[in-house]
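Single-letter residue listing:
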Amino acid sequence: MNSTLEMDWTPIKKYEDILFLFYKGISKIEINRPWCHNAFRVETVNEMIDAADICKNRTDIDILIVTGSGNKSFCSGGDQTTRGLGGYLGVDGTIRLNILDFYKRIRELPKPVIAMVNGYAVGGGNVLHVVCDLTIASDNAIFSQVGPKVGSFDGGFGCSYLARNIGQKKTREMWFLCKEYTAEEALKMGLINKVVSQKKLESETIKWCKIIQEKSSMCIRMIKRCLNAELDGQHGLMQLAGDATLMFYLMEESQEGKKAFLEKRNPDFKKFTKFL
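Calculation rules
Counting from 1, residues in each chain are numbered in the order their sequence is written. For a predicted model such as this one, the threshold for reporting local features is a pLDDT of at least 70, and the threshold for listing and counting side-chain atom pairs is 80 or more; totals across whole chains, interfaces and linings nevertheless cover every residue. With hydrogens and water excluded, all non-hydrogen atoms of the structure serve as input to the side-chain values. Buried means the residue's accessible area, taken with a 1.4 Å probe over protein chains only, is under 20% of the maximum for its type, while exposed means over 50%, and partly exposed covers the values in between. A run of H or I in DSSP counts as a helix once it spans at least four residues, and a run of E counts as a strand once it spans at least two, with each numbered from the N terminus. To obtain the arc, one takes the directions from the helix axis to the C-beta atoms. Residue contacts are defined here by distance: any two heavy atoms, one from each residue, within 4.5 Å place the two residues in contact. A pair of strands is treated as paired once DSSP finds two or more bridges between them. Interaxial angles span 0 to 180 degrees and are taken between N-to-C directions of axes, which are lines fitted to C-alpha atoms, for helices over the stretch in contact. A patch consists of residues exposed above 30% relative accessible area that lack any salt bridge, with like charges linked at up to 9 Å and nonpolar side chains (Val, Leu, Ile, Met, Phe, Trp, Tyr) linked at up to 5 Å. Each accessible area is a Shrake-Rupley estimate made with a 1.4 Å probe; only the visible protein chains count as cover when residues are assessed. Salt bridges are counted wherever a side-chain nitrogen of Lys or Arg sits within 4 Å of a carboxyl oxygen of Asp or Glu. Nonpolar core, defined: a set of buried Ala, Val, Leu, Ile, Met, Phe, Trp, Tyr and Cys residues in which side-chain atoms within 4.5 Å join the residues together.

A.B. asks: Would you mind showing me how to read helix α11 (residues 252–262) here?
C.D. replies: Residues lying three or four places apart along an α-helix face the same way, a consequence of the helix completing one turn every 3.6 residues. Inspection of α11 places Ser254, Glu256 and Ala260 among the buried residues, and these make up the whole buried set. Along the axis of α11, the buried residues cluster in a sector spanning 155°; they form a single face. Exposed residues lying more than 90 degrees from the buried face of α11 are Glu252 and Leu262. On its buried face, α11 sits against α10 (233–249). One or two positions beyond α11, positive phi appears at Lys264, with a value near 55°.

Below you can see the structure in the form of structure tokens.
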């Protein structure tokens, strides 16, 4: 059953490889390549990056869901039929590894991103859900890293952040052995947040979205920034500092500085409370 039939989703923008949909403040990127288990090619990733940028800039979008079409696969990683020397070959003839740019978009998005895993999440597909803030999986979901079987690996989020989720030993097991793990096994090891039946997957994900939508969007934004800052180094600190500046700009103390400049007078910062 295609997940687009569960809710009254409306298209945001038309693409070739993905569906980009909207429902009551929730957006959804659905990789629409079921004939290859929703493997992504260069063009797929470019479309997901474009959709993520739209999510960032639309104030009526609170949350992003990432999923795959059909009920067999979430995503099987990079499409090996398009793999060339040094990366994946785009239709323009250029080799790219642009999935890394999409991972960064997910981390940078100042809104929660929920992976709705409906089947196989293997290789880059496993990394994709790991990079998302939350993961809800159907009971038929399968998780696996397959890079060493096809001459590939992800030494970034696919290793470092995965290890933060499930630990060093389990991460090495997942990469060295390329084993498959059921949804229940993934839940027990801390790889995902919840397991539900395939029939209830989308409704449960929407339920989580609605709960988040009731919370302070600024608080959720700052929590995501703070959790990312440690792993994302100076870049993560920059994003956290940027949002802290945004919050300060909303305060009267900051407004006083701007008003004083425009009114050509000295600002009176002494009138504001100093907090311990």
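Now that the structure is up, let's keep going.
A.B. asks: Looking at this structure, I do not really get the sheet that holds strand β2 (residues 18–23). What am I missing?
C.D. replies: Within a beta sheet, neighbouring strands are joined by backbone hydrogen bonds and run either parallel or antiparallel to one another. An order of β1-β2-β3-β4-β9-β11-β14 is seen for the 7 strands of this open sheet, with the pairing classed as mixed. Each of the sheet's edge strands pairs with one partner strand only, and the pair in question is β1 (10–14) and β14 (194–196). Neighbour-to-neighbour, the strand axes of this sheet turn through a mean angle of 25°, independent of strand direction. As paired elements, strand β3 (residues 26–31) and strand β4 (residues 63–68) share 6 bridges and run parallel to each other. When the sheet's bridge partners are listed, Ile31 is paired in β4 with Gly68.

A.B. asks: What am I meant to see in a nonpolar patch on the surface here?
C.D. replies: On the surface, a cluster of nonpolar side chains totalling about 300 Å² of accessible area is made up of Phe248, Tyr249 and Met251. For Met251, the location among the structural elements is in the loop between α10 and α11. Overall, the relative accessible area of 39% leaves Met251 in the partly exposed class.

A.B. asks: Just checking my understanding: could you explain unusual backbone geometry for this structure?
C.D. replies: Backbone geometry follows two general trends: most residues other than glycine have a negative phi, and most peptide bonds adopt the trans configuration. Despite not being glycine, Asn38 has its phi angle at roughly 55°, a positive value. Its identity as a non-glycine residue notwithstanding, Cys178 has a phi of 55°, on the positive side. Here Cys178 lies in the loop between α6 (168–177) and β13 (181–182).

A.B. asks: Looking at this model, I keep getting lost on the side chain of Asn126. Mind explaining?
C.D. replies: By secondary structure assignment, the location of Asn126 is in helix α3 (residues 124–131). A relative accessible area of 0% means that Asn126 is categorised as buried. Once you skip the residues sitting within four places of it in the chain, Asn126 turns out to touch Ala121, Phe143, Ser144, Gln145, Met174 and Leu191.

A.B. asks: Whenever I open this one, the nonpolar core confuses me. Can you help?
C.D. replies: For soluble globular proteins, the rule of thumb is that nonpolar side chains tend to be buried together. Grouped together as the largest cluster of nonpolar side chains are 48 residues, with contacts concentrated most on Phe102, Leu128, Phe143 and Leu191. A total of 6 residues in this core trace back to one element, the largest contributor, which is helix α1 (residues 42–57). For Leu128, the contacting residues outside a window of four places in its chain are Ile31, Val66, Phe74, Cys75, Phe102, Tyr103 and Ile106. Counting residues in each nonpolar core, the second largest holds 14 residues, with Tyr23, Ile65, Ile114 and Ile212 among its members.

A.B. asks: Where do I start with the pairing of strand β9 (residues 113–117) in this structure?
C.D. replies: Residues in a regular strand project their side chains so that they alternate between the two faces of the sheet. Judged by how many residues are buried, β9 sits mostly within the fold: 5 of 5 residues are covered. Residues Val113, Ala115 and Val117 point to one face of β9 and Ile114 and Met116 to the other, with burial holding for every one of them. Note: β4 against β9, 3 bridges, orientation parallel. Counted as the bridge partner of Val66 is Ala115 from β9. When β9 meets strand β11 (residues 134–138), the two strands line up parallel, connected through 4 bridges. Each bridged residue has a counterpart across the sheet, and for Val117 the counterpart in β11 is Ala137.

A.B. asks: What should I look at first to understand the environment of Lys149 in this one?
C.D. replies: Relative to the assigned elements, Lys149 resides in helix α4 (residues 147–150). Along the backbone, Lys149 and Leu177 are 28 residues apart, and their C-alpha atoms lie at a distance of 9.4 Å.

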